[in-house]
Amino acid sequence: MTAGTRARLEELDRSGLDPRSPELLVVLCWLVREGVAIDESELNGARRRAMFVLAAGGDPHRDLGFDSVAVERLADELDTPERRAQLAAALDGLPTEDLPAVSAVADALRADPGLAWRSFALSLLADELADE
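Residues numbered from 1 in each chain as written. Predicted model: local features only at pLDDT ≥ 70, side-chain atom pairs only at ≥ 80, totals over all residues. Heavy atoms only, no water.

Student: So what's going on with the nonpolar core? Residues and values would help.
Tutor: Counting residues in hydrophobic clusters, the biggest one holds 40 residues, and the most contacted among them are L9, L28, L74, L78, L87, L109 and F120. If you list the elements that add at least two residues to this core, you get helix 1 (3-14), helix 2 (22-31), helix 3 (40-56), helix 4 (69-78), helix 5 (81-92), helix 6 (100-111) and helix 7 (113-131). (Core = buried A, V, L, I, M, F, W, Y, C linked by side-chain atoms within 4.5 Å. Buried < 20%, exposed > 50% of the residue type's maximum accessible area, 1.4 Å probe, protein only. Helix = DSSP H or I, 4+ residues; strand = E, 2+ residues; numbered from the N terminus.)

In structure tokens form, the structure reads like this:
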């Protein structure tokens, strides 16, 4: 992890967001996304298909949630045991000491691999929407 990652974690910890907030779950997974090896073309194709699912449901820029069909589709399409293990290892590597809120979020993600994977998928889809 870079010094910039630690600074972002400190910002998140000071944000006042509830440690159970979806925003914190997703942001932590977004911060470690490079620790999960996914071929660029596979990722782009999976995100494109998820965006089609999102657009078919109406406004593609509406708020996404963990139970969104597009998020579930992306999570399912990219899911492998190796990638889940990489995500867990990346979360384990976050420098969360002395950051109680961020540490609680990281602990929650480590305790629930399914939630962690959906949070990761949501972070990838949100990143795609932010680029548009």
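Let's pick the thread back up.
Student: Describe the packing of helix 2 against helix 6, naming the residues involved and giving the relevant values.
Tutor: Running from N to C, helix 2 and helix 6 point in directions that differ by 80°, and their axes come no closer than 10 Å. Classed by the angle they form, the pair helix 2 and helix 6 counts as roughly perpendicular. Mapping the contact onto sequence places L24, L25, L28 and C29 in helix 2 and V102, V105, A106 and L109 in helix 6. Taken together, the residues that form the contact of helix 2 with helix 6 break down as eight nonpolar, no polar and no charged. (Axes fitted to C-alpha atoms, helices over the stretch in contact; angles between N-to-C directions. Parallel < 35°, antiparallel > 145°, perpendicular 65-115°, else oblique. Contact = heavy atoms within 4.5 Å. Nonpolar A, V, L, I, M, F, W, Y, C, P; charged D, E, K, R; others polar.)

Student: Hey, could you go over the pattern of salt bridges for me, with residue numbers and the actual values?
Tutor: According to the stated counting rule, one finds 10 salt bridges in the structure shown. Of the charged contacts in the structure, one is a salt bridge between R49 and E77, with a shortest N-O distance of 2.2 Å. In this pair, R49 sits in helix 3 while E77 sits in helix 4, placing the two residues 28 residues apart along the sequence. You can call E77 partly exposed: its relative accessible area is 29%. Residue R110 is joined to D92 by a salt bridge in which the shortest nitrogen-to-oxygen separation is 3.4 Å. Note that R110 is positioned in helix 6 and D92 in helix 5, a separation of 18 residues in sequence. (Salt bridge = Lys/Arg side-chain N within 4 Å of Asp/Glu carboxyl O.)

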